[in-house]
Amino acid sequence: MNYKLLEMQVHGDRRGKLISLEGMQNVPFEIKRIYYMFDTLPNEARGFHAHRNLEQIVIAMDGACRFVLDDGEKRESVLLNRPDVGLYIGPGMWREMHDFSYGCKLVVLASEHYDEKEYIRNYDDFLKSLREAK
């Protein structure tokens, strides 16, 4: 499975906390795009796609959601619910997002600029691409 949880180093004192995210340091790629999701609803699911080459780190800045990650052979579930833990998702991983807490806010760091050709949006096509890569 091409994913891992990354514990981010927290700096802070009684005034508050700070986490610094730096490409090629605590982020294992050069950051080319940052986007975020908000106003999520608990009974709505998102994602349902894979990326051919893109790497991402997803952080739950507020609230929680559950990721289902699939490499074509195995499916695993990961709960994101802390702003000091990032979910690294490597290329070739199907991802789904479920069980959003009301108002969950996610920030995503991406290794590439947006490119629709990078997406695989159909699960059967995802499995086919994995077979073709072998």
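Refer to the preceding data block for the structure.
Everything in this summary refers to the structure shown in the same document. Along every chain, residues carry numbers that run from 1 in the direction the sequence is written. pLDDT decides what is reported in this predicted model: residues at 70 or higher carry local features, side-chain atom pairs at 80 or more are listed and counted, and totals for whole chains, interfaces and linings draw on all residues regardless. Heavy atoms from the whole structure form the basis of all side-chain values; hydrogens and water molecules are not counted.

1. A look at the sheet that holds strand β10 (residues 94–98)
Rules: In this scheme, strands are said to pair when DSSP sees at least two bridges between them. Each helix is a run of H or I in the DSSP string that is no shorter than four residues. Each strand is a run of E no shorter than two, and both are numbered from the N terminus.
Taken together, five strands build an open sheet; the order of strands is β8-β7-β10-β5-β12 and the sheet is antiparallel. The sheet terminates laterally at β8 (75–80) and β12 (119–120), the two strands that pair on one side only. Across three bridges, the pairing between strand β5 (residues 46–51) and β10 is antiparallel. Its bridge partner lying in β10, Gly47 is registered against Glu96.

2. Considering the side chain of Arg95
Selection criterion: A simple rule labels every residue: compare its accessible area, found with a 1.4 Å probe on the protein chains alone, to the largest value its type can have, and call it buried under 20%, exposed over 50%, or partly exposed in between. When charges are counted, Lys and Arg are positive and Asp and Glu negative, with His and the chain ends excluded. Any carboxyl oxygen of Asp or Glu within 4 Å of a side-chain nitrogen of Lys or Arg constitutes a salt bridge here. Polar contact criterion, stated in full: a pair of N or O atoms within 3.5 Å, where within protein one must be able to donate a hydrogen and the other to accept it, and residues adjacent in sequence count only if both atoms are side-chain atoms. Note on contacts: a residue pair is in contact if any heavy atoms of the two residues lie within 4.5 Å.
By the secondary structure assignment, Arg95 is in strand β10. The buried charged residue Arg95 lacks any salt bridge, with Glu118 as its nearest oppositely charged partner at 7.7 Å. Polar contacts involving the side chain of Arg95 include one to the main-chain carbonyl oxygen of Met93, which spans 3.0 Å. Beyond its immediate chain neighbours, meaning those up to four positions away, Arg95 contacts Gly47, Phe48, His49, Ala50, His51, Gln56, Val68, Leu69, Ile89 and Gly90.

3. Section: the environment of Gly103
Along the chain, the position of Gly103 falls in the loop between β10 and β11 (105–110). Residues Gly103 and Gly92, eleven residues apart in the sequence, show an inter-C-alpha distance of 29 Å. If near-sequence neighbours (up to four positions away) are discounted, Gly103 is found in contact with Thr40 and Asp62.

4. Some words on the pattern of salt bridges
The full count for this structure, using the stated rule, is ten salt bridges. Glu112 is the salt-bridge partner of Lys32, the closest N and O atoms lying 3.5 Å from each other. Here Glu112 lies in the loop between β11 and β12 and Lys32 lies in the loop between β3 (16–18) and β4 (33–37), a separation of 80 residues in the sequence. The partly exposed category is assigned to Glu112, whose relative accessible area is 33%. The network of salt bridges with shared partners includes Glu7, Arg82 and Asp84.

Such coordinate-based values are descriptive only and should not be taken to indicate function.
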